[in-house]
Structure formats: C-alpha cells, structure tokens
Amino acid sequence: MSEPKRLHPAGMILDILLAIRHSILGFLPVVAIALANSEWLILGIGAAVFLGLIIVSGVLSWWRFTYQLEEDQIRIEKGIFIRKKRTISKHRIQSIDLSQNIVHRMFGLTKVQIDTAGNDNDIDAALSAVTMADGKMIHDQLKYKKRVEMDEIKEESGEITEEVEAKPKKKYPSKKITLQTLVAAGSTSGSFGIILGLFGVFFSSIESFIPDRYYTQATEWLISQAAQLLVIYGVITLLIVWLIGILQTVIQHWNFTITRYDKELFITRGLLEKKQSTIPLKKIQAVGMKESIVRQPLGLASLYVEIASGDIGQTQDTHTLIFPLMRKKHITKFLQEILPEYHYTTEGLVKLPTRALPYYIVRSIILPTIVTIVFAFTLTKFVWIPALAILLFVVYAYIQFKTTGYLINGREIIIQSRMLTKDTAIVPQNRIQSLQKKQHLLHRKQKLATLDASILSKFMGRHFIVRELRQEDVDRIADWYSFRDKAE
Amino acid sequence: MREQPSERIALDAMKAWKISAHLVAIILLLLTIGAFVAVYFLDFVPYWAASIFAGLSILIWIVSAFIIPKIRWRRWRYQVYDQEIYIQNGILIVTRTLVPMIRVQHVDTQQGPILKRYGLATLQISTAATKHEIPALLEEEAAALRDQISELARVEQDDV
C-alpha cells in the first residue's frame, strides 16, 4: 500500500519535551540537594549529560519509529535496542482520535491515537506527530472504508434494533457548548480548591529560593498591616484563583462539541490543545449526571459516561464528560438526541424508608464525635468547634438520606446518591456485572438491606451502593436483574 | 433473593478453617512469648502490655478457631442456575450475590495445602469487574461445577 514512513521531525521535539517533563519531577529532590550544597559544577555537568541522553534517545527513537499503512492494517516498528513490530488490524480498531497541542499546531501536525478493544494500553498505538493530511488519511483509511460492510455484518447478527436506522446521508445530531455556558461551568466548577493547592505548592517551593532577610521583612510587613487589609488580600487572592479556574475550564472545553454517529459519540474540544475523542457506544456502561452543591441550586448539571477501559477521555478522571454543563430540564431532550438508548427521569423515584435515617446519621457523625471527645479532654475551650461540626454532619446525613433513591425504568435502573455532589446514574440491566444484597443483624430485624451493583469502568469497576433500602425493594431489584425465568 | 441458596459447602471446610486459625494462633503465641521475653530483658516494656497482648491472642484464637468456622459454614451457601450463580456468605453482614452467566469471564479452582489435605478446592468466578468465591468444595464437586459454569457461561456474550 505505502512505504514505511517516519513521523514528522517535530515529533522529536515533542518526545524530548515530554521526556524532560516526565523526568523533571523525579530529579527535583536531587537538584534541591545540589543547590543547597552549592554544587553548581556537578549539577551543570549532570544536567548536560542527562539532557544529551534525552536528546540522543529522542533522535534515535524517532529514527527507528516507522509506520506503514497497508490494505486493512497498520504496521508499526519501533524501539532502539529492542525492535518491536506491531500490526493492528483495522477490524480490531475501536477508535482513532486526532489531537493537536500547541507544538502540533505550529507545524500543522496532529497526533494520531489508535485504540483497540483491549484493556491494555500497551496494545494501543500512537503516532505522536504526523502532518494533518496524513493523519486524516490514516483516519479515513482505517476507519471508514469498510465501514458499510461491517455494519451489514452487525445487522445480520441482529445487533441493531434501534430506531437509528441510517437514512442515506443523514445529518448526525450534534451539540455545541456556548461560551456563556462555558463561563458558567468554569465559575461553578469548584476546582479552585485544587488551584489554591497548586498556589500553595508553588509558593512553598519558591520560598526556599528567597533569602531569609526578605522573607522576615515581608512577614513583618504583613503582620504590621491591619487585619481588615489581610482579609481584603485574602478575598482578592480567592478572586484571582476563581478567575484562573474559569479560564482553565474555558480553555479546556473551548468549543466542546458532541456528535452522535451511528455507533459512537464523537467529542472535540480545547482551545490550546485540540482534542478529539471517540466513544464507541458499545463501551458505554452507564450514563450519569453530577450536580455539585454549587450547581444544584442553580439547576445545573454536568453529564458523564462510564466507559469500559481504554485510554479514551480527557484526564485521569474515572468517568468521561459528555457535556460540561447544562440546565437540568434540558437533559431529557439532550439524551433523546444524542443518546436515545438512555432515558432520564426521576419521576417515581423510590426513596429510603424513615427507619434508614438513623443509620445515615450515626455513620456520618462517628468521626466528628471522636474528634469532639478528644477535644473535650485536651482543648476544652474549643470543644464547641467540633460540636458544631457534628451538627453540620447531621444535616449532611439528612440531605444524603433525602437524596438517595432508585427507580426501575424498563431495562434501566436509575440510582441517585450523594457524596457531596449529587450523582444520578442510569445503568442498563445488561451492564451490571453482579448484584449484591448486604444485611447485618439490625438490618434483618428492621427489614432493611444494602444494595451493591457493580459495573465495569475505566479502572477497577464502579460499585453503585445504596445503603438501607427496604428489603423488599432490594428483592424487587434482584428480580428485575435476575436472568432466571420468573416462573420457577 | 428472598430465599437463601440451597447448596452448602463441604463439611470439612470447618476443619480446614480451624486449622488455618490454629496456624495464625501459633504465630500469635510466638509473638506473645517474644513480648514476655522483651518484658524480662527490656525495662521500658511494661508487664501489663504483654499481658494484654497475651489475652487478646487467646481471645482471637478462641473466636477464630471455635466460633467463626461454624457460623461461617452455616452461612455459606450457593446455587447454580442455568442463567446465574447465587451465593450467600458473611458472618455479621450477610451478603447475597447474583452473578449472571453471561457476565462470567472465567472460572478457576484453587487449592492450598490445607484444603488439599481434606480434598477440598475453592472455586473462583470472575466477571469483568468483580471476583467471587465459593470456598472449600469437594474436589470433584468443584471441578464439575467449574466445567458446568464454563459451559453455561459460553452463551454468547453481548459486549463486555
């Protein structure tokens, strides 16, 4: 089909940058020690040697990396000392995603990520830099050429019974986020906790580079300021952090667009780094929505899917966002358009019985109670602080109790729960891997039971746990779940 | 899930569990002896600490060797249907588990030295996300069950 090709030379730069970024953290302690002992020469030589190694290995691995597109497969060869040859058949490929970061964009390049069905990341292949045209070519070649035939095969095996019967050249439903929503998503993201943490790390790490003299001076100056001023500084810092949070969300999810194709969802997003991801419908295990405590009163929610394994998706998050933010009342319509296999409704949600409430309260106040007792003996003066916390935890437990519930809706179960964020998940019966009913002695006396339904997700699998449901409710769910003939 | 599963595991399971509890107790005994030796030779180890440790060890031994195996055996039940596996276990918290056949990825039997002595084996059932066990079945029974389940699990899997 085609000759073995190398990646674009800019791939080298990318690889080298990546290698430096990865190793920098590991070397930080060594550097710190060397700096503290003023071993400039050794540090310099070390850094030079190390950099040289990285560059040499970057160039070599670029040299040794070739890919070759064949009839219905892609062949990749790589490795400096150990040669690896890998052939990926087109039929095994689940998704091919193109993404571009800043370096890619400067050279008009793209990264091609090829995902196969396996859980093993090693099996998947990535071409870190090819020209945009080549990337598109690879994508089309491996993905769409035999598409029609595959569909036919699937249809024969009776897999598709949905109403998504393809009209010729139909327009695929698609949703795009507006800037307004994006800003709203950023301002309610609550990620400023994380950014605040980063701020802290940043300052504590540069602290050691500031001579003590300035440090004490600054501290003295700070203390000499009036308390009100300190509060104002605090507020300003928070505000800045908040704005950074908004900016971060806007950059990450810029032009977030989700499109529904016949058998997959397709997401593009990102301002500086353009990302595509393809989510095959077959891999979706559950659909859910999250309402954080900030967003819930505003009637806003974010939508996500749980996918079985793979490298698909944005970050290390266990689930994958399919829409960053939307009004709750629009969710039903959104799902109808984008994911008609899943139905969202909370009407007739079965709540917990009142006798379950004490369990929730006891569970949540154990920790603050212990703290209170410890305080009572040691810092008697301040014992009111943890005591107040107990009260807060009681309220939390009550809200948690109020939120929790389930609903059987045809072949799907909707499970609503709350950690702090309210989480409503739609799980199809055939995606639940196993179902458990748990009862201890008191539960049995009170006819309560805990439900534990596990599904497959990116890492270990996710457990949907609903504590202290009525026993008969759990039995009903088990009957619904059971594959046995109910006639027995 | 209203009725409990019908089948029980092998009676010898109790003996096997008892023996492993004894083995743990021996380790605890050695530690206790060590503690008293420490009291004798080292000034800063108080006598009462070693005594508490000894007491706890005895308690653990009694509970784990003479009380728990019986309850555990009584609780452990399983039933294999054509479409699913139904398991009950737990001492304080009783757990009943349903594993559909079409979710079963593989079945293993497994046997340690203690189980081997009594001709027992443990059956392990794995789905894509979870792992389940039926401990201490008779060897032949475990093997038969393993084959039966893997046969039943061969019904065509819709994805994952």
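Residues numbered from 1 in each chain as written. Chains lettered and ligands numbered in written order. Predicted model: local features only at pLDDT ≥ 70, side-chain atom pairs only at ≥ 80, totals over all residues.

Labelled according to an unreviewed UniProt entry, chain B appears under the name PH domain-containing protein, originating from Gracilibacillus pellucidus.

The name given to chain A in an unreviewed UniProt entry is PH domain-containing protein, and the organism recorded there is Gracilibacillus pellucidus.

For this particular structure, what's the right way to read the overall build of chain A?
Helix and strand content of chain A: 14 helices and 21 strands. The contacts in chain A between residues at least 6 apart in sequence include a share of 56% that link residues at least 24 apart. (Helix = DSSP H or I, 4+ residues; strand = E, 2+ residues; numbered from the N terminus. Contact = placed C-beta atoms within 7 Å.)

Looking at this structure, I do not really get the overall build of chain B. What am I missing?
The number of helices and strands found in chain B is 4 helices and 7 strands. Mapped in sequence order, the helices and strands of chain B form the string β-α-α-β-β-β-β-α-β-β-α. Taken over C-alpha atoms, the radius of gyration comes to 21 Å for chain B, far larger than the 15 Å a tight globule of 160 residues would show. Taking the principal axes of its C-alpha atoms as reference, chain B extends roughly 70 × 30 × 25 Å. Out of the 160 residues in chain B, the part that is buried amounts to 27%. (Rg over C-alpha atoms; globule rule 2.2 N^0.38 Å. Buried ≥ 20, exposed ≤ 12 C-beta atoms within 10 Å, placed from the backbone.)

Which parts of the structure should I look at to understand the domain arrangement of chain B?
Interface size is often expressed as the accessible area that is lost when the parts come together. All names here are of chain B. With domains assigned, chain B is organised as domain 1 (13-73) and domain 2 (78-159). One C-alpha centre belongs to domain 1, the other to domain 2, and the line joining them spans 32 Å. With 8 residues of domain 1 at the contact, the number on the domain 2 side is 7 residues. Every element with two or more residues in the side of domain 1 that touches domain 2 is listed here: α1 (12-41) and α2 (47-75). Considered class by class, the residues forming the side of domain 1 that touches domain 2 number 5 nonpolar, 1 polar and 2 charged. (Domains from an automatic or database assignment. Nonpolar A, V, L, I, M, F, W, Y, C, P; charged D, E, K, R; others polar.)

When you look at the nonpolar core in this model, what are you seeing that I'm missing?
A general trend in soluble globular proteins is that nonpolar side chains are found buried together. By size, the foremost hydrophobic cluster in this structure holds 84 residues, and its most contacted members are A:Ile322, A:Val427 and B:Leu137. Contact partners of A:Ile322, with chain neighbours within four places excluded, come to A:Ile258, A:Leu265, A:Ile267, A:Leu303, A:Tyr304 and A:Val305. In terms of nonpolar packing, the next biggest core, distinct from the first, is built from 17 residues, A:Leu7, A:Tyr67, A:Val112 and A:Ile114 among them. (Core = buried A, V, L, I, M, F, W, Y, C linked by C-beta atoms within 7 Å.)

Even after reading the chapter, I still don't get the sheet that holds strand β1 (residues 7-8) of chain B, so can you show me in this structure?
Strand order in the open sheet formed by 7 strands is β21(A)-β20(A)-β19(A)-β4(B)-β3(B)-β2(B)-β1(B), and the pairing between neighbours is antiparallel. For this open sheet the edge positions go to β21 (462-470) of chain A together with β1 of chain B, each flanked by a neighbour on one side alone. Across 5 bridges, strand β19 (residues 432-439) of chain A lies against strand β4 (residues 94-100) of chain B in antiparallel orientation. Bridging from a neighbouring strand, A:Leu435 pairs with B:Leu98 of β4(B). (Pairing = 2+ DSSP bridges.)

Please explain the packing of helix α11 (residues 357-378) of chain A against helix α12 (residues 384-403) of chain A as it appears in this structure.
How two helices sit against one another is set out by the angle between their axes and by the gap between those axes. Residues and elements named next belong to chain A. Where α11 meets α12, the closest approach of the two axes is 8 Å, and the angle between their N-to-C directions is 165°. Here α12 runs roughly antiparallel to α11, going by the angle between their axes. Between α11 and α12 lies a crossing whose hand is right-handed. Contact residues: Leu-357, Tyr-360, Ile-361, Ser-364, Ile-365, Pro-368, Thr-369, Val-371, Thr-372 and Phe-375 in α11; Pro-386, Ala-387, Ala-389, Ile-390, Phe-393, Val-394, Tyr-396, Ala-397, Gln-400 and Phe-401 in α12. Considering only residue class, the contact of α11 with α12 consists of 16 nonpolar, 4 polar and no charged. (Axes fitted to C-alpha atoms, helices over the stretch in contact; angles between N-to-C directions. Parallel < 35°, antiparallel > 145°, perpendicular 65-115°, else oblique. Left-handed = near helix turned anticlockwise from the far one by under 90°.)

Looking at this structure, how should I read α11(A)?
In an α-helix there are 3.6 residues to a turn, and that puts residues three or four apart on one side. Residue and element names in this part refer to chain A. Over its 22 residues, α11 extends 32 Å from the first C-alpha to the last, a length consistent with the 32 Å expected when each residue adds 1.5 Å. Buried within α11 we find Tyr-360, Ser-364 and Pro-368. In the core, the buried residues of α11 are packed alongside α12. (Expected span 1.5 Å × (residues − 1).)

So what exactly am I meant to see when it comes to the interface of chain A and chain B here?
The interface is formed by 23 residues belonging to chain A together with 23 residues belonging to chain B. When residues of the side of chain A that touches chain B are traced back to their parent elements, those giving at least two are β19, β20 (448-455) and α14 (471-481) of chain A. Grouping the constituent residues of the side of chain A that touches chain B by class yields 9 nonpolar, 9 polar and 5 charged.

Sorry if this is basic, but what is going on with the confidence of the model for chain A here?
Atomic detail in the predicted coordinates should be set aside for any region of low pLDDT. Confidence along chain A averages 81 in pLDDT terms, with 83% of residues attaining 70 or more. Contacts for the low-pLDDT stretch residues 146-168 of chain A, under 50 throughout, to residues beyond four places or in other chains number 8 contacts. (pLDDT = per-residue confidence, 0-100.)

How should I be thinking about the sheet that holds strand β3 (residues 73-78) of chain A in this particular structure?
Strand pairing in a sheet is mediated by backbone hydrogen bonds. Such pairs are either parallel or antiparallel. Residue and element names in this part refer to chain A. The strand order across the open sheet formed by 4 strands is β1-β2-β3-β4, and the pairing between neighbours is antiparallel. Taken across any chain shown, the strands that pair with only one partner, and hence form the sheet edges, are β1 (5-6) and β4 (84-89). Taken together, the 4 bridges between strand β2 (residues 66-69) and β3 define a ladder with antiparallel strand orientation. Opposite Gln-68, over in β3, you have Arg-75 as the bridge partner.

When you look at the packing of helix α1 (residues 10-36) of chain A against helix α2 (residues 40-64) of chain A in this model, what are you seeing that I'm missing?
All names here are of chain A. Look at α1 against α2: their axes get within 10 Å of each other, and the N-to-C directions meet at 155°. Relative to α2, the element α1 lies roughly antiparallel. Along this stretch, α1 crosses α2, giving a crossing that reads as right-handed. Where α1 abuts α2, its residues Gly-11, Met-12, Asp-15, Ile-16, Ala-19, Ile-20, Val-31 and Ala-34 lie against Ile-42, Leu-43, Ile-54, Ile-55, Gly-58, Val-59, Ser-61 and Trp-62. Class assignment of the residues belonging to the contact of α1 with α2 gives a composition of 12 nonpolar, 3 polar and 1 charged.

Just to check I follow, could you spell out unusual backbone geometry for this structure?
Trans is the common state for peptide bonds, and a negative phi is the common state for residues other than glycine. All names here are of chain A. Unusually for a residue other than glycine, Lys-447 sits at a positive phi of about 55°. Positionally, Lys-447 belongs in the loop between α13 (441-446) and β20. Positive phi, normally seen in glycine, also occurs at Glu-468, with a value near 55°. Look at Glu-468 and you get buried, because 25 C-beta atoms sit within 10 Å.

Got a minute to help me understand α2(B) in this structure?
The end-to-end C-alpha distance of α2(B) is 40 Å, a good match for the 42 Å that 29 residues give at a rise of 1.5 Å each. Within α2(B), the axis deviates most sharply at B:Ile68, by approximately 45°, and proline B:Pro69 lies no more than four positions further along. (Bend = angle between axes of the 7 residues up to and from the residue.)

Could you clarify how one ought to interpret the pairing of strand β10 (residues 264-269) of chain A in this entry?
Along any regular strand, the residues point their side chains to alternate faces of the sheet. All names here are of chain A. Only one face of β10 is covered, namely the face carrying Leu-265, Ile-267 and Arg-269; the face carrying Glu-264, Phe-266 and Thr-268 is uncovered. Strand direction decides the pairing type here: strand β9 (residues 257-260) and β10, joined by 4 bridges, are antiparallel. For Arg-260, the partnering residue across the bridge sits in β10 and is Leu-265. Inspection of the sheet shows β10 paired to strand β11 (residues 275-280) by 6 bridges, in the antiparallel sense. If you follow Leu-265 over to β11, its bridge partner there is Ile-279. Between β10 and β11, which follow one another and run antiparallel, lie 5 residues, and Gly-270 among them has a positive phi close to 105°.

Where do I start with the environment of A:Ile244 in this structure?
Within the secondary structure, A:Ile244 is located in helix α9 (residues 227-253). A sequence separation of 57 residues divides A:Ile244 from A:Ser187, and the C-alpha atoms of the two residues are 9.5 Å apart.

Would you explain the environment of A:Ile251 in this entry?
Residues and elements named next belong to chain A. Mapped onto the fold, Ile-251 is located in helix α9. Since 15 C-beta atoms lie within 10 Å of it, Ile-251 is described here as partly exposed. Expressed as a C-alpha distance, the spacing of Ile-251 and Lys-290, which sit 39 residues apart in the sequence, is 21 Å.

What is the right way to read the pairing of strand β7 (residues 131-138) of chain B from this model?
Residues and elements named next belong to chain B. Judged from the 6 bridges that link them, strand β6 (residues 120-127) and β7 form a sheet pairing that is antiparallel. Bridge pairing in β7 places Ser-126 opposite Lys-131. Two successive antiparallel strands, β6 and β7, enclose a turn made up of 3 residues.

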